[in-house]
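# Descriptive analysis of the structure
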Amino acid sequence: MTPPSALPSPHDSALDLGGRTALVTGAAGGIGRACALRLAAAGAKVRAVDRDAAGLETLAEQARGLAGGVESLVLDLTDLDAAEQAAAGTDVLVNNAGLQLVRPIEEFPPDVFHTVLTVMLEAPFRLIRGALPHMYGRRWGRIVNISSVHGLRASPYKSAYVAAKHGLEGLSKTAALEGAAHNVTSNCVNPGYVRTPLVERQLADQARAHGIPEERVLTEVLLQDSAVKRLVEPEEVAEAVAYLCGPHASFVTGTSLTLDGGWTAH
């Protein structure tokens, strides 16, 4: 049993990741960029992974002067062997990279379905697999999987995305159960619609799928089930990630931290 003296005091609330290495996928923009900057501000050496080289350059410029640093790694996560190798030596792993296509199942391209599952489920498995030996060796690790409200609820026309996020939830729970004995936690963060380029691209797709103008998509489709009628900001998601990496979250594992504006309260 952990003695009370080893628990964090109420005054130790600041996140200090000095000496830790964090890997963030999809780091060139949106949630990934916000997470990379937040973890670097906490002192982590951040390995920023994305296939967007220009976006990673912008991130590196934004990270100048932060307590930690940002190391850019241009990588397509469909290269699963390279993804697993990239995760070696990682203390904090943030599986964030994702893509979306909105189509009815009978019109959904099988090759895109395969790619979505590869990037959003198989790559996280390989990244976790690559990170765990180091985490277990140091007897400390934090795995944070950026899931979605769609990891808990389904929506029409998003078969690949919903399938991938539901699978990610199960993978995260399994990693939590296996990692508990090694002081490694694994959790999901489940935002509703976030103000990111991915969501902005969905407006046109959803307009076509539902046959309504784009200006009506946000309020009548995307935010229909949200009690809070606004998009989540990437920085809000990054703060949830930071909380799960902090000292007061050591007992939080195998769960989903929902930031959905009340969507799943229905």
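As a starting point, this report considers the structure included with it. (Residues numbered from 1 in each chain as written. Predicted model: local features only at pLDDT ≥ 70, side-chain atom pairs only at ≥ 80, totals over all residues. Heavy atoms only, no water.)

## Regarding the pattern of salt bridges
Tallying each qualifying case throughout the model produces ten salt bridges. Put simply, Glu169 and Lys173 hold a salt bridge, and the shortest N to O gap is 3.6 Å. Of this pair, Glu169 and Lys173 both sit in helix 5 (residues 159-179), four residues apart, which is roughly one turn of that helix. By relative accessible area, Lys173 is classed as partly exposed at 38%. (Salt bridge = Lys/Arg side-chain N within 4 Å of Asp/Glu carboxyl O. Helix = DSSP H or I, 4+ residues; strand = E, 2+ residues; numbered from the N terminus. Buried < 20%, exposed > 50% of the residue type's maximum accessible area, 1.4 Å probe, protein only.)

## Considering the sheet that holds strand 7 (residues 256-259)
Pairing between sheet strands relies on hydrogen bonds along the backbone, with the strands arranged either parallel or antiparallel. Within the open sheet, the seven strands sit side by side as 3-2-1-4-5-6-7. Their pairing is parallel. Each edge of the sheet is formed by a strand with only one pairing partner; in this case those strands are strand 3 (69-74) and strand 7. Neighbour-to-neighbour, the strand axes of the sheet open up by a mean angle of 15 degrees, direction not taken into account. Here helix 4 (residues 110-138) sits on the sheet and contacts strand 1 (21-25), strand 4 (92-95), strand 5 (141-146) and strand 6 (184-191); the angle it forms with strand 4, its principal contact strand, is near 170 degrees. (Pairing = 2+ DSSP bridges. Axes fitted to C-alpha atoms, helices over the stretch in contact; angles between N-to-C directions. Contact = heavy atoms within 4.5 Å.)

## Some details on helix 4
For helix 4, with 29 residues, the first-to-last C-alpha span of 41 Å sits near the 42 Å given by 1.5 Å per residue. At the exit of helix 4 stands Arg139, carrying a positive phi of roughly 55 degrees. (Expected span 1.5 Å × (residues − 1).)

## Some remarks on the state of the cysteines
In this structure the tally under the stated criterion is zero disulfides. Distance from the sulfur of Cys35, which forms no disulfide, to the nearest cysteine sulfur (Cys245) is 8.7 Å. (Disulfide = S-S within 2.5 Å.)

## Topic: the pairing of strand 4
Alternating residues of strand 4 divide into Val92 and Val94 and Leu93 and Asn95, and every residue in both groups is buried. Pairing analysis gives three bridges linking strand 1 to strand 4, with the strands arranged parallel. Following the sheet pairing, Val24 is matched in strand 4 by Val94. Pairing analysis gives four bridges linking strand 4 to strand 5, with the strands arranged parallel. Its bridge partner lying in strand 5, Val94 is registered against Val144. Handedness of the crossover joining strand 4 and strand 5 through helix 4 is recorded here as right-handed. (Right-handed = clockwise from strand over helix to strand, strands pointing away.)

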